[in-house]
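As a plain string of letters, each chain reads:
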Amino acid sequence: MKTIIEPFRIKVVEPIRRTTRPQREDILRRADFNVFAVRAEDVLIDLLTDSGTGAMSSEQWAGVMRGDESYAGAKSWYVLERTVRGLTGFDRILPTHQGRASERILFELLGGAGKVVPSNAHFDTTRANVEHSGARAVDLPIPAARHPASRHPFKGDLDVAALLRLIAEVGPERIPVVMVTVTNNSGGGQPVSLENLRAVREVCTRHGLPLFLDACRFAENAYFIKLREPGQADRPVRDIVRDMFDLADGATISAKKDGLVNIGGLLLLRDPLLAQRANNLLILTEGYVTYGGLAGRDLEAMAQGFEEVVDEDYLEYRIRCVGYLGEKLLAAGIKIVEPPGGHAVYIDAAAFCPHIPPERFPGQAVVCGLYRHAGIRACEIGSVMFGQDGRRPAMELVRLAIPRRVYTQSHVDYVVEAAAEVFQDRQRLRPLEIIDAPPSLRHFTARFREL
Ligand code: F0G
């Protein structure tokens, strides 16, 4: 059979609400053209993020009922620990409330003034946590990653030659850790190959540097490896996942993505001394080491989510769903980052509205256009998110992130239709200017004015 179906049936439904165009016009204005300030009930199809927005399975909900809420040593903790150990091979596992809590602990320990932290591409919270510690965050994507139309199969790869140049330039003693984000979120949800991870590992070993994964979307990355990397097609995804983690000295994970839960995170470590110091920080702000700021029921749901996410029927459906959206947008003449990513399709906003220069936020104009026209909420990943302090991102993108197991094919068809109509009428998209913004992570709360 050619059609890849949703490998589940739906047991609970949640109504979504239509609004009129005048209502949306008013809502957008009152939100100062920042869709983070729009109420979710005023959104018809919410593609703001794939983080924490997925649907849990019946087994996960059953786990919620089993949750052991004991302060220390809860049964649910041991279920999670056993699952994560089995999947990743890591012995030292710290639960956190979400990915950025793991990042905050890690960079409080490893960061600091004068340090430099390279990555294929830091996500915004990772970059912010590195910089908050006083260190410098450096992105080293391969050159193909900067070209939306390049169909390189592993556009998430880290540029190994650039890493070597950085080590030679600043000295290994100033690099406390090398990060690799799988999949690369800021650069289009693109995967990293095993070959590249091995090459980075080799450089790290040679220079005595620890290698950490930002492993939020480890299962989607592993599935792309199975699909695209020579020699991997017949291997179980579980084994590929294990290979990826075996190459790392640690990992930060937001379980809100491939953990298939609405809240939760992990910090995985090998070094016992580092783990001890991390545990102390965990207790300081997150919670005791067997719950880390989560309820017992959250730990159960997370454990079950990590089992379900490596199911290959699920991954086939997941990757196909995003690929389908990407192909339909391309067919409508809309340029995207190719090939489509694992969790999202990224529209090339610079190509979408060439009449709006980067300093007038073409991505934000597309985001406003999609909401105004069809009640769809997307996320700018361009000069609003990464253009602070005179920085200029390589691409102006709009991310359509697909929540896991939430929307059906007709929802996706509606999104395609709406995007195509906005594209037909793209001359009407308006440039924006920022009225005010906080000093960092400005995309969350910046206020805009249409020009
Ligand atoms: N790393 C990556 C690659 C991410 O995509 C995210 C979150 C984080 C770290 C932080 O995790 O939100 O649990 O604290 N990404 C979300 C997104 C917010 O929309 O892409 P968190």
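Report follows, based on the coordinates. Quick caveat: nothing in here was measured; it's all calculated off a predicted structure. (Residues numbered from 1 in each chain as written. Predicted model: local features only at pLDDT ≥ 70, side-chain atom pairs only at ≥ 80, totals over all residues. Heavy atoms only, no water.)

**Notes on the overall build of the protein chain**
A count of helices and strands for the protein chain gives 16 helices and 14 strands. A compact globule built from 451 residues would reach a C-alpha radius of gyration of about 22 Å, and the protein chain, at 21 Å, matches this within 12%. Across its three principal directions, the C-alpha atoms of the protein chain cover 60 × 55 × 45 Å. Taken across its 451 residues, the protein chain has 59% of its residues classed as buried. (Helix = DSSP H or I, 4+ residues; strand = E, 2+ residues; numbered from the N terminus. Rg over C-alpha atoms; globule rule 2.2 N^0.38 Å. Buried < 20%, exposed > 50% of the residue type's maximum accessible area, 1.4 Å probe, protein only.)

**With respect to the pairing of strand 9 (residues 344-348)**
Summarising burial for strand 9: five of the five residues are buried, a large majority. Residue alternation in strand 9 divides its side chains into two sets, A344, Y346 and D348 and V345 and I347, and both sets are buried. By the bridge criterion, five bridges tie strand 9 to strand 12 (residues 397-401) in an arrangement that is antiparallel. Residue pairing across strands places A344 opposite A401, the latter belonging to strand 12. (Pairing = 2+ DSSP bridges.)

**Section: the pairing of strand 5 (residues 178-181)**
Regular strands have side chains that alternate between both faces of the sheet. Here strand 5 shows two buried faces, one formed by V178 and V180 and the other by M179 and T181. When strand 5 meets strand 6 (residues 211-214), the two strands line up parallel, connected through four bridges. Within the sheet, the bridge partner assigned to T181 lies in strand 6 and is D214. Note on the crossover from strand 5 through helix 7 (residues 194-207) to strand 6: the handedness is right-handed. (Right-handed = clockwise from strand over helix to strand, strands pointing away.)

**Thoughts on the nonpolar core**
Counting 65 residues, the largest nonpolar core has F218, F245 and F306 as the members making the most contacts within it. For this core, the element with the most residues is helix 8 (residues 218-228), which contributes six residues. Counting contributing residues per domain, this core is built from domain 1 (21-50 + 311-450) and domain 2 (58-308), each supplying no fewer than three. Apart from residues no more than four positions distant in its own chain, F306 is found in contact with L80, T83, V84, L87, F218, I253, A255, D258, G259 and L266. Counting 60 residues, the second largest nonpolar core, distinct from the first, contains A374, I376, V416 and L429. (Core = buried A, V, L, I, M, F, W, Y, C linked by side-chain atoms within 4.5 Å. Domains from an automatic or database assignment. Contact = heavy atoms within 4.5 Å.)

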